[in-house]
Amino acid sequence: MMTTLLYFAWVREMIGKDSETLALPAEAATVAALLDWLATRSPGHAAALADRSRIRVAVDQQFASAETPLTAPREIAIFPPVTGG
């Protein structure tokens with residue numbers, strides 16, 4: 001199954017693309033494991049995902065924690081924390 005990954009703000013800039021569609025490996029069973037795997041894909045991915053305290057994730061448009069299981073997600077968004085004013 002293919003999953004669309006969406007990158008926003010400085011995460012997008014560091015990775016160098018706004019999205020990619022991938023078949024997630026079996027070891028990417030949770031959000032944390034997915035981020036670990038993504039960090040191995042390129043130097044840009046590694047730099048963008050180095051400080052996990054600066055990363056938020058939504059799975060199928062629902063905020064997710066590091067422990068959230070990834071059971072056939074269609075869309076995963078990765079973005080910095082949003083602040084309003």
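Refer to the structure above for everything that follows.
Reference entry: report on the structure contained in this document. This is a predicted model, so every value here is computed, not measured.

The rules behind the values
- Residues numbered from 1 in each chain as written.
- Predicted model: local features only at pLDDT ≥ 70, side-chain atom pairs only at ≥ 80, totals over all residues.
- Heavy atoms only, no water.
- Core = buried A, V, L, I, M, F, W, Y, C linked by side-chain atoms within 4.5 Å.
- Buried < 20%, exposed > 50% of the residue type's maximum accessible area, 1.4 Å probe, protein only.
- Helix = DSSP H or I, 4+ residues; strand = E, 2+ residues; numbered from the N terminus.
- Polar contact = N/O pair within 3.5 Å; in protein donor to acceptor, adjacent residues only side chain to side chain.
- Pairing = 2+ DSSP bridges.
- Axes fitted to C-alpha atoms, helices over the stretch in contact; angles between N-to-C directions.

**So, the nonpolar core**
For step 1, the next point in the chain: Counting 19 residues, the largest nonpolar core has Leu34, Leu35, Leu38, Val57, Ile76 and Ile78 as its most contacted members.
For step 2, the next point in the chain: Taken together, the elements giving at least two residues each to this core come down to β1 (2–7), α1 (9–15), α2 (31–38), β3 (56–59) and β5 (75–79).
For step 3, the next point in the chain: Ranked by the residues each element gives to this core, the list is headed by α2, at five residues.

**What about the environment of Thr40?**
For step 1, the next point in the chain: With respect to the secondary-structure elements, Thr40 resides in the loop between α2 and α3 (43–48).
For step 2, the next point in the chain: Residue Thr40 is classed as exposed on the basis of its relative accessible area, which comes to 61%.
For step 3, the next point in the chain: Here the side chain of Thr40 touches Trp37 through a polar contact of 2.6 Å, landing on its backbone oxygen.

**Concerning the sheet that holds β3**
For step 1, the next point in the chain: Strand order in the open sheet formed by five strands is β2-β1-β5-β3-β4, and the pairing between neighbours is mixed. This sheet does not close on itself; its edge strands, each paired only once, are β2 (19–23) and β4 (62–64). With direction set aside, neighbouring strand axes in the sheet form an average angle of 30 degrees.
For step 2, the next point in the chain: Relative to β5, β1 runs parallel, the two being bridged by four bridges. Looking at the pairing, Leu5 lines up with Ile76 of β5.

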